[in-house]
Amino acid sequence: MNQISPMAFVHPEAQLGDNNIIGPFCYIDRNVVIGDNNLLQNSVTINYGARIGNNNEFFAGAAISAKPQDLKFRGEESLCQIGDFNSFRENVNISRGTASKGTTIIGSHCLIMEDAHVAHDCVLGNNIIMGNSTKLAGEVEVDDNAIISAAVLCHQFCRIGGYVMIQGGSRFSMDVPPYVTIGKEPARFCGLNVIGLRRRGFSNETINQIHDTYRILHSKATLEEGIAAVREQLPATDEVNYIIRFAESSKRGILR
């Protein structure tokens, strides 16, 4: 049975699963689907087009599936899809999709801290941490296990690789390749995220292979030359292949 505060509004067309707690002054719009065991503290807004999984927690002032802040949006049908076991802290704002992709996606086991913003058509994987007041512009992609510190500004269409650590206050308009630390001003490659990789169970041998990949990649004048040299000199492990595929598919160029 759901526990819904008498001071909350739930549209009669909204679909709720079981054992959800809806606190006072929450607003749940029509065309919303919410799974089981979710906690909405006070003053949470779940807008049109939200698709929410199970065991998520929404703190005061969070606004989910908000109308996109995009002048090209013309009211087309779009969604905001959220997985399971996520935590959305105070005043987090997540926009729904536009005609571009149709859906903003956030995976599972993510922590989105206070006042963070995820814009339209972003795609976030699993186990992601976004710090306070960090802002992702439209159509940004973030791979699994990325850590983005506080007050980071990410340009639209960028991609952030898995297992990265991005320093607080960073601003960037290029792609962040996997396994690295990014920081300073202007933002640039600052080495591997060694501590994060060890915490995730990467062996010293694997970390050394990742280090060698970037050493070779950055030693060449062009990215294409670096990729060719990596293929020639290193074994095709999962980690090496991930870095190569990421670099080859980058449309904005990678931070070096």
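Here the structure is a predicted model, which means the values were calculated and not measured.

Q: Hey, could you run me through the pattern of salt bridges in this one?
A: Opposite charge on two side chains permits pairing when their charged atoms draw close. Applying the stated criterion across every chain, the model contains eight salt bridges. Here Arg 171 makes a salt bridge to Glu 185, at a shortest N to O gap of 3.1 Å. Of the two residues, Arg 171 sits in strand β26 (residues 171–172) while Glu 185 sits in the loop between β27 (180–183) and β28 (188–192), which places them 14 residues apart along the sequence. Residue Glu 248 is joined to Arg 231 by a salt bridge in which the shortest nitrogen-to-oxygen separation is 2.8 Å. Here Glu 248 is found in helix α4 (residues 238–249), whereas its partner Arg 231 is found in helix α3 (residues 223–233), with 17 residues between them in sequence.

Q: Whenever I open this one, α4 confuses me. Can you help?
A: Along an α-helix, residues three or four apart share an orientation, since each turn contains 3.6 residues. Here α4 spans 16 Å end to end across 12 residues, near enough to the 16 Å set by a 1.5 Å rise per residue. Every buried residue of α4 is accounted for by Glu 239, Val 240, Tyr 242, Ile 243, Ile 244, Phe 246 and Ala 247. In the core, the buried residues of α4 are packed alongside β24 (159–160), α2 (204–219) and α3.

So, how was this worked out
- Residues numbered from 1 in each chain as written.
- Predicted model: local features only at pLDDT ≥ 70, side-chain atom pairs only at ≥ 80, totals over all residues.
- Heavy atoms only, no water.
- Salt bridge = Lys/Arg side-chain N within 4 Å of Asp/Glu carboxyl O.
- Helix = DSSP H or I, 4+ residues; strand = E, 2+ residues; numbered from the N terminus.
- Expected span 1.5 Å × (residues − 1).
- Buried < 20%, exposed > 50% of the residue type's maximum accessible area, 1.4 Å probe, protein only.
- Contact = heavy atoms within 4.5 Å.

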